[in-house]
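One letter stands for each residue in the lines below.
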Amino acid sequence: MKNVEKFPLFGKPIVRTPFSEGIELLHFADTVFGSFLLHDHNYIELMLVMDGEIQVAAEGVLYQVPRKAMVIIPPGCIHRTVVADGTKRYERMVFHIFPQYLEALLKKSDAPFGADLFTEQVRILDYSPENFWLFRNFFERAFYCNHQDAEYQKLIVPCLAVELFVELRRVLQVQSPARLPATNNFVTAMVEYINEHFTDPGLTVDEVLESVYISKGYLSRLFKAYTGSSIYQYIIFKRTALAKEYLQRGVAVLDTCIACGFSDYTSFLKSFKKIFKVTPSQYRKNIQMEAEGGTEGFAHF
């Protein structure tokens with residue numbers, strides 16, 4: 001995921017550059033895929049798939065994503081990209097926006113809808129070639145804006161964001177019913193069981209498997225196929241994702257550890273740092289520094 005290529009129109013690379021407070025724009029083009037990790041975030045993610053055959057595994061549901069489609073991932077949704085065998089290149093443009101910022105922009109623009117339209121479920125937009133070029137053009141205009149001065153960005157970025165989400169709403173209203181995602185009753189039952197019990201330090205993989213009366217080996221393979229993760233990894237991620245929310249609210253690190261189902265601080269520290277590349281204490285400190293500075297950015301993700 002580190003192989004970041006150039007935009008074809010403007011010829012300048014983007015790695016991880018916020019271009020406005022509350023918004024981030026990215027562009028990836030991978031030919032070596034490795035493993036796309038299970039993750040979540042507290043912003044809305046829009047992903048325009050330029051090339052490649054992929055699926056998105058989200059909360060035990062598999063979504064087939066056509067080439068040139070738009071994927072909308074809501075905040076708090078645990079998900080992972082699965083690249084199909086035989087795919088030679090996976091390219092996508094990605095737009096992140098905090099829902100609070102989007103809501104403020106839409107209200108200021110008197111839009112007849114709110115950010116909640118994009119925060120409640122995963123959506124796959126499969127549309128006409130004209131709409132693909134419309135959205136691609138938006139990303140390229142946003143990229144151009146990123147290289148202008150602060151005054152220009154302050155005037156143009158809100159307009160671009162509102163335009164984008166108005167167009168997304170229009171496509172959602174007129175597109176044909178989306179292809180039903182792949183689901184499995186056994187996996188759904190296991191995900192629901194984990195969601196209900198992951199804060200219990202005594203929860204084990206065997207307990208999850210025993211909640212569904214089928215062969216354990218078969219269930220383990222099935223779970224990974226639909227979530228992109230082992231049961232154990234999924235439980236750990238649920239705990240660390242909740243821990244991140246607690247730390248953002250200012251809860252003490254040790255209290256967070258206990259509330260999120262970790263049996264001891266060492267395992268909490270190890271798991272949190274492995275997933276988020278920073279210790280819980282440092283993460284909490286970063287949040288506090290941003291709050292004191294009056295900003296909400298992407299630095300701590």
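(A) View of the pairing of strand E4 (residues 54–58). Counted residue by residue, E4 has four buried out of five residues, so it is predominantly covered. For E4 and strand E5 (residues 61–65), the ladder comprises five bridges, and the chain directions are antiparallel. Along E5, the bridge assignment pairs Gln-55 with Gln-64. In textbook terms, the turn of a hairpin is the stretch between consecutive antiparallel strands, and for E4 and E5 this stretch comprises two residues, one of which, Glu-59, has a positive phi near 55 degrees. Pairing analysis gives five bridges linking E4 to strand E7 (residues 79–83), with the strands arranged antiparallel. Along E7, the bridge assignment pairs Val-56 with Thr-81.

(B) Structural view of the nonpolar core. Within the largest apolar cluster, 37 residues are counted, with the highest numbers of intra-cluster contacts made by Met-190, Ile-194, Val-208, Phe-223, Ile-231 and Phe-272. Contributing elements (two or more residues each) for this core: helix H4 (185–197), helix H5 (205–210), helix H6 (216–227), helix H7 (231–248), helix H8 (253–259), helix H9 (265–276) and helix H10 (280–293). Here the element with the most residues in this core is H7; it accounts for nine residues. Residues in contact with Phe-272, not counting those within four places in the same chain, are Thr-240, Ala-243, Lys-244, Leu-247, Lys-277, Val-278, Thr-279, Pro-280 and Tyr-283. Membership of the second largest hydrophobic core comes to 35 residues, among which are Leu-48, Phe-132, Phe-165 and Leu-172.

(C) Spatial organisation of the packing of aromatic side chains. Enumeration over the complete set of coordinates arrives at 17 aromatic pairs. Taken together, a centroid distance of 4.9 Å and an interplanar angle of 75 degrees make the contact between Phe-118 and Phe-165 edge-to-face. Remark: Phe-165 occurs in helix H3 (residues 150–174) and Phe-118 occurs in the loop between helix H1 (99–108) and strand E9 (123–125); sequence separation between them is 47 residues. Judged on exposure class, the residue Phe-118 and its partner Phe-165 are both buried. Considering the side-chain rings of Phe-138 and Phe-139, the 5.7 Å spacing of their centres and the 80 degrees angle between planes classify their relative orientation as edge-to-face. The residues Phe-138 and Phe-139 share a single accessibility class, namely buried.

(D) Region of interest: the side chain of Asn-184. Among the secondary structure elements, Asn-184 is positioned in the loop between H3 and H4. Apart from residues lying up to four places away in sequence, Asn-184 is in contact with Leu-222 and Tyr-226.

(E) Representation of the sheet that holds E5. Ordered in space as E5-E4-E7, the three strands form an open sheet in which the pairing is antiparallel. The open sheet has two edge strands with one neighbour each: E5 and E7. In this sheet, adjacent strand axes meet at a mean angle of 25 degrees when their direction is disregarded. Contacting E4, E5 and E7, H6 runs over the sheet at an angle of about 40 degrees to E5.

(F) Region of the structure containing the confidence of the model for the chain. Per-residue pLDDT for the chain averages 84, and the proportion of residues at 70 or more is 87%. The model gives residues 1–18 a pLDDT under 50, and that stretch makes 51 contacts with residues more than four places away or in other chains.

(G) The arrangement of the packing of H4 against H7 in detail. Orientation of H4 relative to H7, taken along the N-to-C sense of each, is 40 degrees, at an axis distance of 10 Å. Seen along the crossing, H4 lies across H7 with a hand that is right-handed. Between H4 and H7, the residues in contact are Met-190, Val-191, Ile-194 and Asn-195 and Ile-231, Tyr-234, Ile-235 and Lys-238, respectively. Considered class by class, the residues forming the contact of H4 with H7 number six nonpolar, one polar and one charged.

So, how was this worked out
- Residues numbered from 1 in each chain as written.
- Predicted model: local features only at pLDDT ≥ 70, side-chain atom pairs only at ≥ 80, totals over all residues.
- Heavy atoms only, no water.
- Buried < 20%, exposed > 50% of the residue type's maximum accessible area, 1.4 Å probe, protein only.
- Helix = DSSP H or I, 4+ residues; strand = E, 2+ residues; numbered from the N terminus.
- Pairing = 2+ DSSP bridges.
- Core = buried A, V, L, I, M, F, W, Y, C linked by side-chain atoms within 4.5 Å.
- Contact = heavy atoms within 4.5 Å.
- Phe/Tyr/Trp six-rings, centres within 6.5 Å; stacked < 30°, edge-to-face > 60°.
- Axes fitted to C-alpha atoms, helices over the stretch in contact; angles between N-to-C directions.
- pLDDT = per-residue confidence, 0-100.
- Left-handed = near helix turned anticlockwise from the far one by under 90°.
- Nonpolar A, V, L, I, M, F, W, Y, C, P; charged D, E, K, R; others polar.

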